[in-house]
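For reference, the chains in residue letters:
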2 protein chains.
Amino acid sequence: MATMTSADLRVHNRVRLLRAVHDAPAPPTRASVARRLAIGRNTAGTLVGELERARLLREVPAASTGRGRPTTLLLPHPEGPLAFAVDVREDSWTLAQMSLGGELTELESGEHDRTPAVFTQVGEAVARHATDRLAAVGIAIAGPIRDGRRLHISHLDWDEVDLDEHLDRAWPATVVDNDARLAGLAEARRGVLRGVGTAMHFHIDFDIGGTLLLAGDAQTGAHNIAGEFGHMPLTGSPLRCMCGAVGCWSLDVGVNALVRRFGGPPGYGAGRRLGREVLRRAAEGDAAAASAIDDNAVALGRGLGALSNALDPEAIGLSGLGVELIRLRRGLIEETCAAGLMAFRRAEAPRIVAGTVGEIGPLTGAAEIAFDAVLTPEWLRTRF
Amino acid sequence: MATMTSADLRVHNRVRLLRAVHDAPAPPTRASVARRLAIGRNTAGTLVGELERARLLREVPAASTGRGRPTTLLLPHPEGPLAFAVDVREDSWTLAQMSLGGELTELESGEHDRTPAVFTQVGEAVARHATDRLAAVGIAIAGPIRDGRRLHISHLDWDEVDLDEHLDRAWPATVVDNDARLAGLAEARRGVLRGVGTAMHFHIDFDIGGTLLLAGDAQTGAHNIAGEFGHMPLTGSPLRCMCGAVGCWSLDVGVNALVRRFGGPPGYGAGRRLGREVLRRAAEGDAAAASAIDDNAVALGRGLGALSNALDPEAIGLSGLGVELIRLRRGLIEETCAAGLMAFRRAEAPRIVAGTVGEIGPLTGAAEIAFDAVLTPEWLRTRF
DNA sequence: CATGTTATGTTCTTGCCCGGAACAAAATGT
DNA sequence: ACATTTTGTTCCGGGCAAGAACATAACATG
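This report concerns the structure included in the present document. Remember, predicted model here, so these are calculated numbers, not experimental data.

Turning our attention to the protein's contact with DNA strand D. With respect to spatial proximity, 25 residues lie near DNA strand D, and among them Arg69 and Thr71 of chain A together with Arg10, Asn42 and Arg67 of chain B are the closest. Within 4 Å of the protein, atoms of DNA strand D come from sugar and phosphate in 68% of cases. Measuring from a base nitrogen of DNA strand D, one finds a side-chain N or O atom of arginine 41 of chain A at 2.9 Å. A distance of 3.5 Å separates a sugar or linking oxygen of DNA strand D from a polar atom in the side chain of serine 64 of chain B. Elements that contribute at least two residues to the surface near DNA strand D include exactly α2 (30–37) and α3 (41–53) of chain A together with α1 (6–23) and α3 (41–53) of chain B. The residue makeup of the surface near DNA strand D, split by class, is four nonpolar, 13 polar and eight charged.

This is how it looks when you write it as structure tokens:
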């Protein structure tokens, strides 16, 4: 709750208005935003006028919907700020841009050599596409990012890579976060978890990562490394995990569990292929594959039940392999989840839902945190 | 982010000022509050004057601390609002009052018959002490409270008791919450977790309950039943828990685990005595008792490590039996916690700290949530 | 003991903000 | 053609916090 003078009030309302435009599922009208924010038509007129002169919004006549004087649609200004989003996966990366309102456009993608040199590569791509419209960059990385800079990515053998040493000083304002958390944030802002007050989201890839989502924001923890739900001993596995702990949930859920089961080849590209292969064989009736999928679903459900007792979500989103598991084994997941719930919770169990943002979840989330840095009083002040 | 007119600004700042007085560890001076809120001395003067006329604050000359014109101390007004707090335990209850600033005074206590009739009893006690200063009542109850009204308390055999049927219509504004969560809230507001951005707190009694504390607020979940961390399968127990799930952490941590180990008598009063007895015998060198304490500490540490991976707290508070466990077995708890942490977290493990609020934690937390209902623009408007 | 220093309180002015009222404008419905 | 509905626009009024200047009450210094 920051200090407020009457001048700050204007800034505050400008931010609210821009945030309303950004968060709307479709471009809203000036009149609807005024109603939504509970401000007068006169005030809305003033605010929109200022934001248009600041090249943040553009007004175009709206198609009339009935009686009454027609109003205008609020669109991002053609010279308005853009957020860049980068998704750094285990062997490739993608660069995209998002404009106010959430429209995402892919700009470029590439492979990388699994060393931090990828950041130089990405930096060059950013420089190629950057214009003076670029306001902030968000980066999604498949691993924990302590304090927003120190990377510990076991599957790339990055133990404590300091991001600041790899981001050129010429980089624009940059925020970095974990891909699973950003996938969850994307669902909370623009997907199936929109409007849910308390939600959990899990992104299931090789292992399982996730985030607690409260009122559309992802919980980060004290060192920005919250969300490693996959490294809790929820399913009784006796194995030691490569994270250093024993019995991690991730040993039983995700592609790695399938790879271990079928003695597949190591290596992440190969593992991903094997994962798809197992899904395909299960669909064709292969009993061993089906049983592996069953085990994955059961382990997933057990963990979801346990975590629901602790965090009481209204809904649980799943992405990555989780979408397939819901499609193939919804009943099994829900049953095992219910079995893990305290009895009195079972009547009102959390909804388990498949993410709707899809593979661009991390990219979308990265763009959202970049915009979060833009839609602030501080940034807005630079524009006036 | 609510609507704001310039008139709301004044209300907003009145709330901020009162909140600053309430949250301060000791009565603050007018000048210090002005600095803290970053408002001018003139504005502070106006605000304090208004709040004094509204019988919310009283100003008394402050002892001078050095050079400069002496300022005034901001104290609760002698006719100002009071919050009542009730702690309903398994066989007894306590009623206390809190004034602005956090001073807690016990008013009355009693036994009860383990039926919801306790609420009638408590209601009569509240009526005995209520004056027109009473602004809100907070109640702490040892069990989950779904949606703030439906109670599921297994050890009292309350399956789905509707609180609204037992709270007389004449009751003042009342908020109800779980005792473990409120104990954590008390530590976050007035105890060892004050100022910690992300914290977990666990109240260890017969079993273990807790809460995630974010910026001094307790996470409630979608149905107000978050925090049942004790009902996650974190320690590999094969037993079925009376909650309906299997392998709950609470089966291995808390007084119930000691009772089961020593085949002690059922019943909560007896269990509590046995718990103290085991602690005493362990202190006297009894090997079986010491081993039981060890097992409790090990199970506690394992769970804390697992949960820290997921939630990344800066500090973990413990109350109830947890205070004794820290005193007797800090090393063991920290070791097993570290073993459950992902390796890269071990260098910066969460601090494990004993609560400092003590047995009045639930009562203090209940008073805090009652004051939370008072220190709002809405309530304040009724006072002007 | 007189004077300077420091921190705070008080008063007045100024710039800004939002809401409300009244009116204008642009569409639909009859 | 005219009423109705919804929105945009203009102007005014009440209100707020900041800043400057001054007043005040303590301590510090010699």
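Attention now goes to the sheet that holds strand β12 (residues 208–214) of chain A. Adjacent strands of a sheet form backbone hydrogen bonds with each other and so pair up, either parallel or antiparallel. All names here are of chain A. Strand order in this open sheet of five strands is β13-β12-β11-β14-β15, and the pairing throughout is mixed. Edge positions in the sheet fall to β13 (217–218) and β15 (351–354), since each of these pairs with one other strand and no more. The sheet contact formed by strand β11 (residues 198–204) and β12 spans seven bridges and is antiparallel. Looking across to β12, one finds that isoleucine 204 is bridged to isoleucine 208.

Residue and element names in this part refer to chain B. The mixed open sheet is built from five strands, whose spatial order is β5-β4-β3-β6-β10. This sheet does not close on itself; its edge strands, each paired only once, are β5 (104–111) and β10 (174–178). For this sheet, the mean angle separating the axes of adjacent strands, direction not counted, is 20°. Examined bridge by bridge, strand β3 (residues 82–88) and strand β4 (residues 92–99) share seven bridges and lie antiparallel to one another. Following the sheet pairing, valine 86 is matched in β4 by leucine 95. Lying on the sheet, helix α5 (residues 179–190) is in contact with β4, β6 (134–141) and β10; it crosses β10 at an angle near 100°. Where helix α10 (residues 361–374) meets the sheet, its contacts fall on β3, β4, β5, β6 and β10, and the angle it forms with β3 comes to roughly 140°.

A few words now on the packing of helix α8 (residues 287–311) of chain A against helix α9 (residues 321–340) of chain A. All names here are of chain A. Their axes nearest at 7 Å, the elements α8 and α9 cross at an angle of 45°. Our classification of the angle between α8 and α9 gives oblique. Every pair of crossing elements has a handedness; the one defined by α8 and α9 is right-handed. In terms of residue class, the contact of α8 with α9 is built from 12 nonpolar, six polar and three charged.

For DNA strand C, the set of nearby residues contains 26 residues, the closest of which are Arg10, Asn42 and Arg67 of chain A together with Arg30 and Thr71 of chain B. Counting only atoms of DNA strand C within 4 Å of the protein, the sugar-phosphate share comes to 66%. The side chain of asparagine 13 of chain A places a nitrogen or oxygen atom 2.8 Å from a phosphate oxygen of DNA strand C. Between DNA strand C and glycine 68 of chain B there is a distance of 3.2 Å, counted from a base oxygen to a backbone nitrogen or oxygen. Of the residues that constitute the surface near DNA strand C, the class distribution is five nonpolar, 13 polar and eight charged.

Basis of the calculations
Residues numbered from 1 in each chain as written. Chains lettered and ligands numbered in written order. Predicted model: local features only at pLDDT ≥ 70, side-chain atom pairs only at ≥ 80, totals over all residues. Heavy atoms only, no water. Near = heavy atom within 4 Å. Polar contact = N/O pair within 3.5 Å; in protein donor to acceptor, adjacent residues only side chain to side chain. Helix = DSSP H or I, 4+ residues; strand = E, 2+ residues; numbered from the N terminus. Nonpolar A, V, L, I, M, F, W, Y, C, P; charged D, E, K, R; others polar. Pairing = 2+ DSSP bridges. Axes fitted to C-alpha atoms, helices over the stretch in contact; angles between N-to-C directions. Contact = heavy atoms within 4.5 Å. Parallel < 35°, antiparallel > 145°, perpendicular 65-115°, else oblique. Left-handed = near helix turned anticlockwise from the far one by under 90°.

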